[in-house]
Amino acid sequence: MNDINNKQQPTRRLRIGVDVMGSDRGPAVVGQGAIDAAIDAPDTLEITLVGNKTIIEELIRSQHNKPENLRVAHAEAEIQMTDSPSEAVKKPNTSVAVGINLLKSGQIDAFVSASNTGAVMAGSLLTLGRLPGVNRPAIMALF
């Protein structure tokens, strides 16, 4: 018997952008973690690696096989940890700016970065704005 209420709807993949360039440990660590997530969840995740295309493609080539749910978004520049947030947001085409703009345009559902926290926050506020009723942005951390 078919019960219309028990029919499973096709699941859409959650599209996550990952700033590969923004990390104290370099692109290989963040990139490998994102690739592993894509491999582990092929039906539920679509990962967009944001950063220097040459570096990202080299990392992908080092894998045994490229997951089908992996995308690359090229960014010419990266924000350094020593950059002031006000100066960092003025840099054109950084991995943070590209990722935030992918989010704003609806090409991804979420964007994560281990880059300069102040720059990510400032770029997000300037590009995305605040939700109604939210006075201050929040930072998520794992304890």
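Residues numbered from 1 in each chain as written. Predicted model: local features only at pLDDT ≥ 70, side-chain atom pairs only at ≥ 80, totals over all residues. Heavy atoms only, no water.

Caption draft 1: Main features of the pairing of strand 1 (residues 14-19). Where strand 1 lies against strand 2 (residues 45-51), six bridges are found, and the strand directions are parallel. Directly across from Val18, in strand 2, lies its bridge partner Leu49. Chirality of the crossover, the property in question, places the unit of strand 1, helix 1 (residues 27-40) and strand 2 among those that are right-handed. As judged from the three bridges shared by strand 1 and strand 4 (residues 110-112), these two strands associate in the parallel manner. Looking at strand 4, one finds that Val18 is bridged to Val112. (Pairing = 2+ DSSP bridges. Helix = DSSP H or I, 4+ residues; strand = E, 2+ residues; numbered from the N terminus. Right-handed = clockwise from strand over helix to strand, strands pointing away.)

Caption draft 2: Broad picture of the side chain of Asn69. Tracing the sequence through the fold places Asn69 in the loop between helix 2 (53-61) and strand 3 (70-74). Only 2.9 Å separates the side chain of Asn69 from the backbone oxygen of Ala38, close enough to count as a polar contact. Once you skip the residues sitting within four places of it in the chain, Asn69 turns out to touch Arg13, Ala38, Ala41, Pro42, Leu45, Glu46 and Ile47. (Polar contact = N/O pair within 3.5 Å; in protein donor to acceptor, adjacent residues only side chain to side chain. Contact = heavy atoms within 4.5 Å.)

Caption draft 3: Helix 1, seen in detail. For helix 1, built from 14 residues, the straight-helix expectation of 20 Å at 1.5 Å per residue is met to within 8% by its first-to-last C-alpha distance of 20 Å. Taken residue by residue, helix 1 has Val30, Gly31, Ala34, Ile35 and Ala38 as its buried positions. The buried residues of helix 1 all sit within an arc of 135° when viewed along its axis, so they share a single face. (Expected span 1.5 Å × (residues − 1). Buried < 20%, exposed > 50% of the residue type's maximum accessible area, 1.4 Å probe, protein only. Arc of directions from axis to C-beta.)

Caption draft 4: Looking closely at the packing of helix 1 against helix 2. Interhelical geometry of helix 1 versus helix 2 gives an angle of 55° and a closest axis separation of 10 Å. With respect to helix 2, the axis of helix 1 lies oblique. Crossing angle aside, the handedness with which helix 1 passes helix 2 is right-handed. Where helix 1 approaches helix 2, its residues Pro27, Ala28, Gly31, Gln32 and Ile35 are matched on the opposing element by Ile55, Leu59 and Ile60. Taken together, the residues of the contact of helix 1 with helix 2 sort by class into six nonpolar, two polar and no charged. (Axes fitted to C-alpha atoms, helices over the stretch in contact; angles between N-to-C directions. Parallel < 35°, antiparallel > 145°, perpendicular 65-115°, else oblique. Left-handed = near helix turned anticlockwise from the far one by under 90°. Nonpolar A, V, L, I, M, F, W, Y, C, P; charged D, E, K, R; others polar.)

Caption draft 5: Representation of the sheet that holds strand 1 within the structure. Here we have four strands laid out as an open sheet, ordered 3-2-1-4, and parallel in their pairing. Edge positions in the sheet fall to strand 3 and strand 4, since each has one partner strand and no second. For this sheet, the mean inter-axis angle between neighbouring strands, taken without regard to orientation, is 25°.

Caption draft 6: Region of interest: the pairing of strand 2. Of all seven residues that make up strand 2, seven are buried, and the element is covered over most of its length. Two strands pair when backbone bridges link them, and strand 2 and strand 3 are joined in this way by five bridges, in the parallel orientation. Within strand 3, the residue paired with Gly51 across the bridge is His74. Following the chain from strand 2 across helix 2 to the adjacent parallel strand 3, one finds a crossover that is right-handed.

By themselves, these are just geometric observations and shouldn't be taken as functional.
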